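# Summary of structural features
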Amino acid sequence: EPATLTVKGRALEVPRAARGVARFGFDELCRRPLGAADYIAIATAYKAVIIDGIPRLKPEQRDVVKRFATLIDSLYERKIKLVCSAEGGPQDIYPKGDHAFEFERTVSRLMEMQSKAYIDGALAVAA
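Criteria and thresholds
- Every chain's residues receive numbers from 1 upward, in the order its sequence appears when written.
- In view of the model being predicted, local features appear only for residues whose pLDDT reaches at least 70, and side-chain atom pairs are presented and counted only at 80 or more, with totals across whole chains, interfaces and linings using the full set of residues.
- For side-chain calculations, the full set of non-hydrogen atoms in the structure is used, while hydrogens and water are omitted.
- In DSSP terms, a helix is any run of H or I states spanning at least four residues, a strand is any run of E spanning at least two, and both are numbered starting from the N terminus.
- We take the radius of gyration over the C-alpha atoms and set the globule estimate at 2.2 Å times the residue count to the 0.38 power.
- Between two residues, a contact is recorded if the distance between any of their heavy atoms is within 4.5 Å.
- In short, Shrake-Rupley with a 1.4 Å probe defines the accessible areas, and a residue's cover is counted only from the protein chains shown.
- In this tally, Asp and Glu contribute negative charge and Lys and Arg positive charge; neither His nor the terminal groups of the chain are included.
- Taken as the charge centre is NZ of Lys, CZ of Arg, CG of Asp or CD of Glu, depending on the residue.
- The span one expects for a helix is its residue count, reduced by one, times 1.5 Å.
- Relative accessibility thresholds used throughout: buried, under 20% of the residue-type maximum; exposed, over 50%; partly exposed, between the two (1.4 Å probe, protein chains only).
- Working note: the arc is built from the helix axis to C-beta atom directions.
- Pairs of strands are assigned from DSSP output, requiring at least two bridges between the strands.
- A fitted line through C-alpha atoms represents every axis, and for helices the fit uses only the stretch in contact; the resulting angles, taken between N-to-C directions, go from 0 to 180 degrees.

Let us now look at the overall build of the protein chain. What the protein chain contains, in helices and strands, is six helices and six strands. Listed by position from the N terminus, the elements making up the protein chain come as β-β-β-β-α-α-β-α-β-α-α-α. Taken over the C-alpha trace, the protein chain has a radius of gyration of 14 Å; the compact-globule value for 127 residues is 14 Å, and the two agree within 12%. Considering only C-alpha atoms, the protein chain reaches an extent of 35 × 35 × 20 Å along its principal axes. A fraction of 72% describes how many contacts in the protein chain between residues 6 or more apart in sequence connect residues 24 or more apart. When the accessible area of the protein chain is evaluated, it comes to approximately 7,000 Å², of which 54% is carbon and sulfur surface. Taking the average location of the 20 positive side-chain charges in the protein chain and that of its 17 negative ones, the two points are 3 Å from each other.

Under the 1.5 Å per step criterion, the end-to-end length of helix α5 (residues 100-112) is 18 Å for 13 residues, consistent within 8% with the ideal 18 Å. When we look at burial in α5, the residues that qualify are Ala100, Phe103, Thr106, Val107, Arg109 and Leu110. Mapping the buried residues of α5 onto a view down its axis gives an arc of 165°, with all of them on the same face. More than 90 degrees from the buried face of α5, the exposed residues found are Phe101 and Glu104. For α5, the elements touching its buried residues are α3 (62-77), β6 (81-86) and α4 (90-93).

Now for the sheet that holds strand β5 (residues 48-54). Hydrogen bonds along the backbone pair up the strands of a sheet, which may run parallel or antiparallel. The mixed open sheet is built from four strands, whose spatial order is β3-β4-β5-β6. The sheet is open, and its two borders are formed by β3 (16-18) and β6, each paired with just one other strand. Ignoring which end each strand starts from, the neighbouring axes of this sheet average 15° apart.

Here we come to unusual backbone geometry. For Lys8, which is not a glycine, the phi torsion comes out positive at approximately 50°. Locating Lys8 in the fold gives a position in the loop between β1 (3-7) and β2 (10-14). Non-glycine residue Lys79 carries a positive phi angle of around 55°. Turning to its location among the elements, Lys79 is positioned in the loop between α3 and β6. Judged by relative accessible area, Lys79 falls into the partly exposed class, the value being 30%.

Pasting the structure below:
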């Protein structure tokens, strides 16, 4: 069911949530003017996040790339479990552009978030 988080006095809509899991489309998280405070609120409220439809991003989509990287940082730092669907592997999401070098950290984090060690750690934090 839909849920609402309050972030700095404003409402952040969570389109689908149940049992500690929030589900979003990529556009709902990264094509809207959201920032670190919003992503931290999501990571604080939920133990797992599902993101549907992560596209391959183009160099002219720098703002979307930056939001996505901030989102992944927020989830990673709080050991949140992430399930997502994407048009390609982490290295294919943003292979070139102004922030491609910085995005390599996001790729690394996405790869680590798939590891047994990360998932086990996320399960321990959620318990």
